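Spelled out from the first residue to the last, the chains are:
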Amino acid sequence: MTMIKSLILGSAAGLIAIGGAQAADLPVKAKAVEYVKICSLYGAGFYYIPGTDTCIKIGGAIRLDVAFNGSTYDVPFWQGGAGGNNLWTKNYFSTRERVNLTTDTRTATEYGVVRTYANIQFDFLQDRESIAGGYTEVDYAFIQFAGFTFGKAVSQFDPQWALAKPYISSGFNAGSNNATGIPQLAYTASFGNGVSGTISIENASAYRNAGLWNTNAFIVGPGAASFTGAFYGTNSNTFLGNSYGGNHIPDIVGNIRLDQAWGTLHFAAAMHAATPGFYGANEATGHADDKYGFAVSGAVEFKNLPTGAGDSLKIEASYGKGAAKYVFGGTTDTSGGGRYAKVDGNSLGFGYVLDGVYTTGGQIIQSSAWEVSAFYEHYWNPAWRTSLFGNYSHISYGSGNDLMMAAFQGLTTGGPGTNSSQTVAATRAGVFAGTGNFDLGLAQIGTRTAWTPVQNLTLSAQFTYSRLDQNLNGTYTVTSMSGKPAGTVLNTADQNLYNGSVQILRSF
């Protein structure tokens with residue numbers, strides 16, 4: 001019995017040991033895998049970030065541009081270089097390759113949706129970089145929360161369809177039309193039935209400061225030793241007559257909008273402060289007072305016109321007093337006033353876009369500017385569409401023209417740093433003799449046709465005609481100008497310019 005009992009107990013212990021070993025070998029239940037889930041709250045393309053309640057959309061595009069007789073921003077050649085259209089050494093075409101990346105996040109909270117958005121461009125531009133070079137720019141980067149917008153976003157002065165104008169690039173002159181966002185702090189209130197209003201403070205530098213001209217200043221800032229480039233220089237980025245000081249207060253912008261199925265209405269206004277630099281080389285010479293300007297704008301968009309599904313018509317008009325860049329926007333030269341200059345054979349068209357003009361001991365005389373633009377787009381079928389667009393912009397200087405003409409003709413004497421009218425004439429790029437004024441008009445009309453053979457792939461071609469209507473009547477004798485021998489006499493005259501571009505755009 002004792003032996004049998006021992007055998008039974010030993011067998012039981014062995015069975016227990018075997019069972020324990022088998023249990024230890026069984027697989028442990030794995031944690032549930034957090035698969036990426038589609039977020040349908042904010043439209044197509046959004047996904048939940050794993051482990052969070054935040055939705056994200058990552059997108060972008062690859063864009064290839066070729067421009068003819070202009071830059072890849074579709075800016076005619078009169079806004080850069082020597083301003084000429086007859087120089088053997090200029091590029092007849094330019095190219096740009098761009099990679100665009102965007103991120104858009106949304107999170108639902110008890111205070112509403114918290115949104116972040118960023119748009120980053122990686123560019124290689126033929127005229128700007130070396131063979132292996134490139135540059136990066138941040139066009140938009142903002143946070144939206146409880147009606148507030150913080151960061152670099154579309155200016156509240158612009159209609160909400162500012163980024164949907166039917167042309168290839170952003171250089172076409174059409175109102176404020178900024179190529180990138182403007183740093184701002186804005187608050188938007190919704191009143192129901194599609195009505196909303198926004199108030200914002202926006203950084204005026206560099207898009208909103210058109211430039212101030214102290215016509216009697218010889219030295220206007222660090223490194224400015226002469227008038228070279230002040231009128232028609234060899235360096236497009238040098239406007240030594242520009243006497244803008246620092247930004248002392250931001251621009252104040254407000255708008256009222258109506259958004260409906262048929263389209264939108266947009267009314268906006270802005271206050272712009274112009275702070276002049278010193279009359280001379282330093283603070284001992286004094287300075288003019290700050291001057292406050294303003295701009296107003298109205299815009300309307302009509303969707304789904306009777307001419308066809310998807311067709312649209314957009315119209316806008318703006319006026320600015322001492323706030324010229326709200327009217328002459330786009331990618332014009334912001335280094336010291338948008339300078340328009342074009343040589344064609346032995347003729348020269350020339351003008352400035354400035355916030356104002358003053359002389360030593362005087363106050364700022366503000367410019368007045370206005371513009372009207374229209375954009376029509378027609379869909380022939382879902383794959384083909386054609387747009388027609390046009391703009392006329394005009395700026396005038398009133399009594400400031402007397403100061404500008406006197407300086408342009410080299411008649412200014414005295415003032416900080418100046419010795420005589422002969423010194424001024426000898427150190428600038430040429431000598432003008434004649435009559436007229438600096439009032440300037442710019443008319444442009446263009447058309448684009450785009451083909452989308454498959455979704456998110458668009459091939460387009462564009463043609464633009466521009467007319468520079470200037471009011472200088474006389475001759476300009478060259479002292480120093482790229483491509484022109486000293487002593488060459490140019491007749492001032494209105495100018496025509498034709499430029500075009502083609503683009504391949506793949507979005508994702």
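Please read these numbers as outputs of a predicted model, since none were measured by experiment.

## Observations regarding the sheet that holds strand 17 (residues 365–366)
The strands that make up a sheet are held in pairs by hydrogen bonds between backbone atoms, and each pair lies either parallel or antiparallel.
Thinking step 1. On the basis of which strands lie adjacent, the open sheet formed by three strands has the order 9-16-17 and mixed pairing. Pairing within the sheet leaves two strands with one partner each, and these edge strands are strand 9 (212–214) and strand 17.
Thinking step 2. Bridge analysis of strand 9 against strand 16 (residues 356–358) gives three bridges, and the strand direction is parallel. Looking at strand 16, one finds that Trp-213 is bridged to Val-357.
Thinking step 3. Each of strand 9, strand 16 and strand 17 touches helix 2 (residues 400–408); the most contacted strand, strand 16, lies at about 65 degrees to it.

## Description of the side chain of Glu-301
Thinking step 1. Mapped onto the secondary structure, Glu-301 falls in strand 12 (residues 291–303).
Thinking step 2. Filtering out sequence-adjacent residues up to four positions away, Glu-301 remains in contact with Trp-161, Trp-262, Gly-263, Thr-264, Leu-313 and Lys-314.

## Examining the state of the cysteines
Thinking step 1. In this structure the tally under the stated criterion is one disulfide.
Thinking step 2. Each disulfide pairs two cysteine sulfurs, and for Cys-39 the partner residue is Cys-55, the sulfurs being separated by 2.1 Å. Taking the sign of the torsion about the S-S bond as the criterion, the disulfide between Cys-39 and Cys-55, at about 80 degrees, is right-handed. Residue Cys-39 is found in the loop between helix 1 (2–25) and strand 1 (47–48), and its partner Cys-55 is found in strand 2 (residues 54–68); the two are separated by 16 residues along the sequence. Assigned by exposure class, Cys-39 and Cys-55 land together as buried.

## Digging into the pairing of strand 3 (residues 93–109)
Thinking step 1. Examined bridge by bridge, strand 2 and strand 3 share 15 bridges and lie antiparallel to one another. Its bridge partner lying in strand 3, Ile-56 is registered against Thr-105.
Thinking step 2. The pairing of strand 3 with strand 4 (residues 112–125) spans 14 bridges and is antiparallel. Across the sheet, the residue bridging to Leu-101 is Ile-120, located in strand 4.
Thinking step 3. Counting the residues that bridge the hairpin from strand 3 to strand 4 gives two residues.

Procedures and definitions
- Residues numbered from 1 in each chain as written.
- Predicted model: local features only at pLDDT ≥ 70, side-chain atom pairs only at ≥ 80, totals over all residues.
- Heavy atoms only, no water.
- Pairing = 2+ DSSP bridges.
- Helix = DSSP H or I, 4+ residues; strand = E, 2+ residues; numbered from the N terminus.
- Contact = heavy atoms within 4.5 Å.
- Axes fitted to C-alpha atoms, helices over the stretch in contact; angles between N-to-C directions.
- Disulfide = S-S within 2.5 Å.
- Buried < 20%, exposed > 50% of the residue type's maximum accessible area, 1.4 Å probe, protein only.

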